[in-house]
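# A closer look at the structure
Each chain, written out:
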Amino acid sequence: PEVIKITTEALQTKAFTLKAYPQGKAAEGYEAGEVTMVPSQVTVKGPTSLIGQISSVGIEINLDGKNADWSDSEEPKFYDANKNSITISDRLISNCKSVDYTMEILKVKNLSLDFDVTGEVAGGYRYTGVECGLKSVPVVGLKSALASLNTITIPKEELDVSGARANIVKTIDLNDYLPEGVSLAGKDSSEITVTLTVEQLKEREYTVRISAASYVGADSSYSYRADPGTVTVRIRALQEELDSLQLTAEDLSL
């Protein structure tokens, strides 16, 4: 007599939402957008142990050189938890052999940052400018949405220096100031740090000797002498301006 051992295993049916896995790089100045897939879900039936090996189901889309939306179809592939493609056993049955998709290709454009600063600093201080690590940021969107867009303006409500006696540091979320249909490209965070620099004014006295270069409308028939022979001028300005300032007789008008 012969002994035949038959191993049985429970069957499982599981639905997976299809994922898109773009491959390659779009044409210069373009980036992959949203993908629409039909169907959007795949159902797989088979032994529980084999179903357990599948972490996701998706299609691979080749982006190389693409600069416009396009449609095509691809066979769905199965992936493990490490996103490695796996070959499924013929004991697994899928209800989908081909997926139709439309890939959206978005235009990339660099937009300069514009800061609308308002307010007056405290007396004896001067607002000297905006410091930000970024001068411009790349964004993506439909060509029609980007056609007339050149800057991202941070409004004065965010950048008020009224009464300031020291630098003001602000964290700005750029997403709050992007129009609908436009989003940041290639940035891990949408937030930027902006510093509104405020410097204290210093004072210094300059003594200038009066000479012929100071006289306006002098008559050559006369000689002129100033008493006292010098003028003391007190200047209030930034430290670096005071350090670079030199006053001479030509700067005086008598």
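Residues numbered from 1 in each chain as written. Predicted model: local features only at pLDDT ≥ 70, side-chain atom pairs only at ≥ 80, totals over all residues. Heavy atoms only, no water.

### A word on the overall build of the protein
For the protein, the helix and strand inventory stands at 3 helices and 17 strands. Since a compact globule built from 254 residues should have a radius of gyration of about 18 Å, the 36 Å found for the protein marks it as more spread out than a globular shape. The proportion of buried residues among the 254 residues of the protein is 29%. Taking as baseline every contact in the protein between residues at least 6 positions apart, the subset at least 24 positions apart corresponds to 78%. Surface exposure of the protein reaches about 16,300 Å², of which carbon and sulfur atoms provide 45%. Averaging the coordinates of the 25 positive side-chain charges in the protein and doing the same for the 37 negative ones gives two points 3 Å apart. (Helix = DSSP H or I, 4+ residues; strand = E, 2+ residues; numbered from the N terminus. Rg over C-alpha atoms; globule rule 2.2 N^0.38 Å. Buried < 20%, exposed > 50% of the residue type's maximum accessible area, 1.4 Å probe, protein only. Contact = heavy atoms within 4.5 Å. Areas by Shrake-Rupley, 256 points an atom, 1.4 Å probe, with all protein chains shown as cover. Lys, Arg positive; Asp, Glu negative; His and termini not counted. Charge placed at Lys NZ, Arg CZ, Asp CG, Glu CD.)

### What to know about the pattern of salt bridges
Scanning all chains against the criterion turns up 6 salt bridges. The salt bridge partner of R234 is E203, with a shortest N-O separation of 3.0 Å. With R234 in strand β17 (residues 230-237) and E203 in strand β16 (residues 202-209), this pair connects stretches of sequence that are 31 residues apart. Residue classification places E203 among the partly exposed positions, given a relative accessible area of 41%. (Salt bridge = Lys/Arg side-chain N within 4 Å of Asp/Glu carboxyl O.)

### Brief notes about the sheet that holds strand β4 (residues 56-62)
The strand order across the open sheet built from 6 strands is β7-β6-β4-β1-β3-β8, with neighbouring strands paired in mixed fashion. A strand with exactly one partner marks an edge of an open sheet, and here the two such strands are β7 (85-86) and β8 (93-94). (Pairing = 2+ DSSP bridges.)

### Observations regarding a negative patch on the surface
A contiguous patch of negative charge on the surface is contributed by D72, E74, E75 and D100. Inspection of the secondary structure puts E74 in strand β5 (residues 70-74). Assessed through its relative accessible area of 31%, E74 is described here as partly exposed. (Patch = residues over 30% accessible without salt bridge, like charges linked within 9 Å, V, L, I, M, F, W, Y side chains within 5 Å.)

### Topic: the packing of aromatic side chains
This structure, assessed with the given rule, holds 3 aromatic pairs. Ring geometry for Y21 and Y79: centres 4.8 Å apart, planes at 50°, overall tilted. Placement of Y21 in strand β1 (residues 11-23) and of Y79 in strand β6 (residues 77-79) is noted, with a sequence separation of 58 residues between them. Summarising the burial analysis for this pair, Y21 and Y79 share the class buried. A centroid spacing of 5.6 Å and a plane angle of 40° characterise the contact between Y215 and Y224, whose relative ring orientation is tilted. Stacked on the ring of Y30, the Lys or Arg K107 has its end atom at 4.8 Å from the ring centre. (Phe/Tyr/Trp six-rings, centres within 6.5 Å; stacked < 30°, edge-to-face > 60°. Lys NZ or Arg CZ within 6 Å of the ring centre and 35° of its normal.)

### Quick notes on the sheet that holds strand β13 (residues 168-173)
Strands sit in the order β10-β15-β13 across an open sheet of 3 strands; the sheet is antiparallel. The two strands at the open ends of the sheet, each matched to only one other strand, are β10 (125-132) and β13. Taking each pair of neighbouring strands and ignoring which way they run, the sheet shows an average axis angle of 20°. (Axes fitted to C-alpha atoms, helices over the stretch in contact; angles between N-to-C directions.)

### Structural notes on the side chain of S56
Positionally, S56 belongs in strand β4. For S56, a relative accessible area of 5% gives the class buried. Reaching out from S56, the side chain makes a polar contact with the side chain of Y21 at a distance of 3.1 Å. Every residue in contact with S56, bar those within four places of it in the chain, is listed here: F16, K19, Y21, K77, F78 and Y79. (Polar contact = N/O pair within 3.5 Å; in protein donor to acceptor, adjacent residues only side chain to side chain.)

### Structural notes on the side chain of S190
Here S190 shows up in the loop between β14 (182-184) and β15 (191-200). On the basis of relative accessibility, which here comes to 15%, the residue S190 falls in the buried class. Polar side-chain contacts of S190 include one of 2.7 Å to the side chain of D173. For S190, the side chain forms a polar contact with the side chain of N175, separated by 3.2 Å. Once residues lying within four places of it in the same chain are set aside, the contact partners of S190 are I172, D173, L174, N175 and L184.

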